[in-house]
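Residues per chain are reported as follows:
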Amino acid sequence: MNTLSFPAIPETVVALDFETSDMRADSACALGMVRIEGGTVTNTLCELIRPPRPRVMFTEIHGITWEMVKNRPTFAELWPDFAAFLRGADYLVAHNAGFDRRILRGCCFATGIKAPAQPFLCTLVGSRRGFRLRHNRLNDVCEYLGIPLEHHKADSDALACAGIYLHLRRAGLTPEQMRLR
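Values in this document were obtained by computation on a predicted structure and should not be read as measured data.

1. Topic: the overall build of the chain
Inference 1: In terms of regular secondary structure, the chain is built from eight helices and five strands.
Inference 2: For the chain, the sequential pattern of α-helices and β-strands runs β-β-β-α-α-α-β-α-β-α-α-α-α.
Inference 3: Its C-alpha atoms give the chain a radius of gyration of 16 Å, within 12% of the compact-globule value 16 Å for 181 residues.
Inference 4: With respect to the principal axes defined by its C-alpha atoms, the chain has extents near 60 × 30 × 25 Å.
Inference 5: Taking all 181 residues of the chain together, the buried fraction comes to 49%.
Inference 6: Of the roughly 9300 Å² that the chain leaves accessible, carbon and sulfur atoms contribute 52%.

See below:
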């Protein structure tokens, strides 16, 4: 009998995706997170965030307007929920993780919160190693893997990143091979 065997995925990981209102690192206006435990998605969280400045420059990209976020809680107000979601994770993972790490650290710094200590893994790095596609943008990798995506929607992007991560791990890539330096 011929059976497929996948490597165990013992780590707990939180895939995340930020949308921003401007070019500054503290400008998060949405955060989507997906928790993966033992290779299974166990929880999701998505919040709109009131950014620190009353403008949203990238509405044409993500569809978020100032009207949608002006009465939402700030990053600092939402932090207890975010921190609880991240608690116990071995890694944080994002597609083009340098961007999301910069935003997380920028929001934490601007609000006097200690940034999470977990290392970041990058599914863009992993995709370049594991799939050898011509383009490794989130939408390209999702199309290749058949993962549904509403691009630039924080919840959809985070869920897609989680799916890519699981594909890469099942293909044999280790967290170290996706680690963001």
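2. Concerning the packing of helix 3 (residues 75-86) against helix 4 (residues 97-111)
Inference 1: Where helix 3 contacts helix 4, the axes come no closer than 10 Å and their chain directions differ by 115°. As helix 3 packs across helix 4, the resulting crossing turns out to be left-handed. In contact with Phe75, Ala76 and Trp79 of helix 3, helix 4 contributes Leu104, Cys107, Cys108 and Thr111.

3. Describing unusual backbone geometry
Inference 1: Phi angles above zero are rare outside glycine, and Arg132 is one such case at about 55°.
Inference 2: By secondary structure assignment, the location of Arg132 is in the loop between helix 5 (123-130) and helix 6 (138-145).
Inference 3: Arg132 gets classed as exposed once you look at its relative accessible area, which sits at 67%.
Inference 4: Not every positive phi belongs to a glycine, and His152 is a case in point at roughly 70°.
Inference 5: When you line up the elements, His152 lands in the loop between helix 6 and helix 7 (154-170).
Inference 6: According to the relative accessible area criterion, His152 is partly exposed, its value standing at 28%.

4. Observations regarding helix 6
Inference 1: Among all positions in helix 6, only Leu138, Asp140, Val141, Cys142 and Leu145 are buried.
Inference 2: Taken together, the buried residues of helix 6 touch helix 5 and helix 7.

5. Focus on the packing of helix 5 against helix 7
Inference 1: Running from N to C, helix 5 and helix 7 point in directions that differ by 40°, and their axes come no closer than 10 Å. The angle between helix 5 and helix 7 falls in the class oblique. Helix 5 and helix 7 meet at a crossing whose hand is left-handed. Only Cys161, Ile164, Tyr165 and Leu168 of helix 7 make contact with helix 5, whose side of the interface consists of Thr123, Gly126, Ser127 and Gly130.
Inference 2: For the contact of helix 5 with helix 7, the residue count by class is four nonpolar, four polar and no charged.

6. Focus on the packing of aromatic side chains
Inference 1: For the structure shown, the criterion picks out three aromatic pairs.
Inference 2: Arranged with centres 5.7 Å apart and planes meeting at 55°, the rings of Phe75 and Phe82 form a pair that is tilted. Comparing Phe75 with Phe82, the two get one shared label, buried.
Inference 3: By way of ring pairs, the aromatic residues Phe75, Trp79 and Phe82 are connected into one cluster.

7. A few points about the nonpolar core
Inference 1: One finds Phe18, Met33, Phe75, Trp79, Phe82 and Leu104 to be the most contacted residues of the largest nonpolar core, which totals 27 residues.
Inference 2: Contributing elements (two or more residues each) for this core: strand 1 (12-20), strand 2 (28-37), helix 3, strand 4 (91-94), helix 4 and strand 5 (120-122).
Inference 3: Top element by residues in this core is helix 3. It accounts for seven residues.
Inference 4: Dropping the residues within four chain positions of it, Phe82 is found in contact with Leu31, Met33, Leu45, Glu47, Ile49 and Phe75.

Basis of the calculations
- Residues numbered from 1 in each chain as written.
- Predicted model: local features only at pLDDT ≥ 70, side-chain atom pairs only at ≥ 80, totals over all residues.
- Heavy atoms only, no water.
- Helix = DSSP H or I, 4+ residues; strand = E, 2+ residues; numbered from the N terminus.
- Rg over C-alpha atoms; globule rule 2.2 N^0.38 Å.
- Buried < 20%, exposed > 50% of the residue type's maximum accessible area, 1.4 Å probe, protein only.
- Areas by Shrake-Rupley, 256 points an atom, 1.4 Å probe, with all protein chains shown as cover.
- Axes fitted to C-alpha atoms, helices over the stretch in contact; angles between N-to-C directions.
- Left-handed = near helix turned anticlockwise from the far one by under 90°.
- Contact = heavy atoms within 4.5 Å.
- Parallel < 35°, antiparallel > 145°, perpendicular 65-115°, else oblique.
- Nonpolar A, V, L, I, M, F, W, Y, C, P; charged D, E, K, R; others polar.
- Phe/Tyr/Trp six-rings, centres within 6.5 Å; stacked < 30°, edge-to-face > 60°.
- Core = buried A, V, L, I, M, F, W, Y, C linked by side-chain atoms within 4.5 Å.

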